[in-house]
Amino acid sequence: MNDEQSEPFLTAPVERKLSTITVDRLSWFTLSVVSLMHGIICTMPLAILLPHSLDVGVDTSHAAWIISAWPVSTLLTTLILPNLRHIPSKTFLLLMGLIEALGFASFYVELEHVYYLPMAVLVRLISGTAHFLLRNKFMTGLMAVLSGDVNRSSLTWEVCYSAGTACGAYIGSVVSHWIGFPLTMATTGAAVLANVVGATLIFPAEPDHDKDAVESRGNALQFYKLHLKCNQVLYAWVPMICIGACMVFVEGILTHFYNSQYSKTLEFGGIVLGVSGVVYTTSAAILGSLRSCFPCLAECFLVLGLVGAGAALLFIGPLVEVPGVSDIAVSVVGVCFLLVSSCAVQLNSLTVSANALSTSAQVSGEVAMSVTMNTVCLAYHFGAFVGPVIGVQCSEMWGYAAAFACGAPFFWLSALAVFSYLGVCCNFLTSPRGYFSVQQQES
C-alpha cells in the first residue's frame, strides 16, 4: 500500500501516466509564461515613475521615498504571510492580483503635488506587498507542479522572471512614449489582473496532506524563526545582502558613470544594462542546466559566484587596468561578468537555502521555498537600501573606481564564510549530496 502511495505512476495505467505528464508539462509551461509576464509587468513603471514624479513637482529626495517604498514592502510581506496561509491559493491569487492591479491603475488619477507624494508612497507600499506575495505563491505553484523539485523550480523562476525584468523597463518607456504615463499605468494594472486570472485557471489544487508543523500549529512565530536559521543566514542573508547592495548601486549609477568619466551618452549606459540583462538570463539557463545534471555544483556555483562578483567589481572602475585594452571595454566586460556572478549567487542561494531548510527544519519543500523566497527578497532589498547610500558616499570621497571596488572584500568574506560552513558543518565533500558521494553513486 505504501509503495502505491509513494509511486502512483508505477501502478497506474499507461494512458493515465501519459495524461498526467502532459498536464504537468502544460501547467509548468503556463506558470513559466505567467512568471515571465510578471517580471515584465512589474518593471514597466521602473523607467517612467521617477521622471513623472519630478514633473509633478516632487523634489528628488522625496521622489526617492516613492522608489524605496517598493523594497520596504518586503518587510510587510514577511510579517503578514504566515497569517494568510489559510486562504485558498486561487482566492489568494485573485485578491493579491486585484490589490496590485488597483495600485498600478491608481496612478491614472492626476493629483496635485501635495496629495501625490503620500498617495504614491502608500500605493507603492501596498502594491509592492501584493507583488511579493504573488511572487511567493507563483514559486510554490512551480514547486507543486514539479513535484517539489527545488532545482528545476528555481531554474524556471530565475530564467523566466529575469527575462521579463530585463525587457520590462524598456517596454514601459516605449508604451509611455506613445500613450502617456497615466494610460501606461492603467494598462499595467489591467495586465497584472489578466496575468493573475490566467495563473488562477491553471494553478495546482491545494494538497490535503503533508501539512507542515508550522502550518498545523498555526504559530506565526515558528514561521518567522525559520528565516533566521543558520543555513538561511549563511546561504541567503549574507550573499543576497551583498548582491542587493552591489547590483542596485552599480546599475543605478552606471549610466551617469559612463557619461561623466567617458563622455558617453545616456543611451550607451542603457545598452550596457540591456545587454547585461540578456547575459543574466542566458547565464541562468546555462548554469541551471549544468546544476540539474550535476546537483553538487549548486554549492560550488554559490561560492564561485561570490568570488567572481568581488573580482568583477575591480574591473568596472576599472581599478585594475588590462594592458592593451581600453578602460571602457574593460568596464563593460566587468559589468557583464558581474551579472554572470550575480546570477550564480542568486540562483544557487535560493536552491541551496531551500534544500538545507527542508532537511534541517523538516518542513515540506513548498514551505521551505516560501520561507527562502521571503528571506532572499528581504536580504536583497535590505542591501538595495544600504548599498546606494554607502556607495554614493564612497564615490564622492574616493572616486568611482574605488567605490565599485569597496564591495569586493565583502563578497570574498561571504564566500569564505559559506565555504567554511559547507566544509566544516555540512561535510560538503563527503555528504550524501557532496561531490565524491555523487560520483561514487553514479559509478
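Each remark here, short or long, concerns the structure printed above.
Residues numbered from 1 in each chain as written. Predicted model: local features only at pLDDT ≥ 70, side-chain atom pairs only at ≥ 80, totals over all residues. Heavy atoms only, no water.

(A) Quick look at the nonpolar core. Ranked by internal contacts, the top residues of the largest apolar core, which has 105 residues, are V250 and L338. Looking at which element gives the most residues to this core, the answer is helix α12 (residues 230–262), with 15 residues. Among all residues touching V250, those that are not within four sequence positions of it are L313, I316, L338 and F404. (Core = buried A, V, L, I, M, F, W, Y, C linked by side-chain atoms within 4.5 Å. Buried < 20%, exposed > 50% of the residue type's maximum accessible area, 1.4 Å probe, protein only. Helix = DSSP H or I, 4+ residues; strand = E, 2+ residues; numbered from the N terminus. Contact = heavy atoms within 4.5 Å.)

(B) How the structure looks around unusual backbone geometry. Note the cis peptide between G317 and P318, where omega equals -10°. By secondary structure assignment, the location of P318 is in the loop between α14 (297–316) and α15 (327–360). Phi is positive for S263, which is not a glycine, with a value near 55°. Turning to its location among the elements, S263 is positioned in the loop between α12 and α13 (266–293).

(C) Layout of empty space enclosed by the protein. Scanning all chains against the criterion turns up two cavities of 30 Å³ or more. Roughly 60 Å³ of volume is contained in the largest cavity. In terms of lining residues, the largest cavity is bounded by T74, T77, T78, F132, R135, N136, M373, N374 and C377. For the lining of the largest cavity, the secondary-structure elements that each account for two or more residues are α5 (60–80), α7 (113–145) and α16 (365–398). Residue composition of the lining of the largest cavity, grouped by class: three nonpolar, five polar and one charged. As a volume, the second largest cavity reaches approximately 40 Å³. (1 Å grid on protein atoms, 1.4 Å probe; cavity = no way out; pocket = protein on both sides within 12 Å on 5 of 7 lines; lining within 4 Å. Points joined across faces, edges and corners; volume = space filled by probe spheres on them. Nonpolar A, V, L, I, M, F, W, Y, C, P; charged D, E, K, R; others polar.)

(D) Up close: the side chain of H131. In this fold, H131 is placed in helix α7. Note on H131: relative accessible area 1%, which makes it buried. Separated by 3.3 Å, the side chains of H131 and E100 make a polar contact. Ignoring any residue separated from it by four or fewer positions in sequence, one finds H131 in contact with H38, C42, W70, E100 and Y161. (Polar contact = N/O pair within 3.5 Å; in protein donor to acceptor, adjacent residues only side chain to side chain.)

(E) A look at the packing of aromatic side chains. Taken as a whole, this structure holds 13 aromatic pairs when the rule is applied. Ring plane angle 35° and centroid distance 6.1 Å describe the contact between W70 and F104, whose orientation is recorded as tilted. Of this pair, W70 sits in helix α5 while F104 is found in helix α6 (residues 89–105), placing the two residues 34 residues apart along the sequence. Of the two residues examined, W70 and F104, each falls in the buried class. Each ring, one from F249 and one from F404, has its centre 5.7 Å from the other, and the planes form 55°; the classification is tilted. Note that F249 is positioned in helix α12 and F404 in helix α17 (residues 400–405), a separation of 155 residues in sequence. Residue classification places F249 among the buried residues on the basis of a relative accessible area of 8%. For F404, a relative accessible area of 2% gives the class buried. Members of the aromatic cluster, connected to one another through ring pairs, are F249, F257, Y258, Y262, Y400 and F404. (Phe/Tyr/Trp six-rings, centres within 6.5 Å; stacked < 30°, edge-to-face > 60°.)

(F) Fine view of α16. In this model α16 runs 46 Å from its N-terminal to its C-terminal C-alpha over 34 residues, within 8% of the 50 Å that 1.5 Å per residue would give. At G387, α16 shows its strongest bend, of approximately 25°, with the proline P388 following within four residues. Just past α16, the residue G399 takes up positive phi, approximately 100°. (Expected span 1.5 Å × (residues − 1). Bend = angle between axes of the 7 residues up to and from the residue.)

(G) Spatial organisation of α15. Over its 34 residues, α15 extends 47 Å from the first C-alpha to the last, a length consistent with the 50 Å expected when each residue adds 1.5 Å. For α15, the buried fraction is high: 24 of the 34 residues fall into the buried class. Positive phi appears at Q362, one or two residues downstream of α15, with a value of about 55°.

(H) Inspection of the environment of V233 at higher detail. Within the secondary structure layout, V233 lies in helix α12. Owing to a relative accessible area of 31%, V233 belongs among the partly exposed residues under this scheme. When the C-alpha positions of V233 and V418 are compared, they lie 9.7 Å apart, and in sequence the two are 185 residues distant. The contacts of V233, once residues within four sequence positions are left out, are L228, V238 and P239.

(I) Up close: the packing of α12 against α15. Two elements in contact, α12 and α15, have axes separated by 9 Å at closest approach and are oriented at 160°. In terms of orientation, α12 and α15 fall into the roughly antiparallel class. Pair α12 / α15 crosses with left-handed handedness. For the contact of α12 with α15, the per-class residue count stands at 21 nonpolar, eight polar and two charged. (Axes fitted to C-alpha atoms, helices over the stretch in contact; angles between N-to-C directions. Parallel < 35°, antiparallel > 145°, perpendicular 65-115°, else oblique. Left-handed = near helix turned anticlockwise from the far one by under 90°.)

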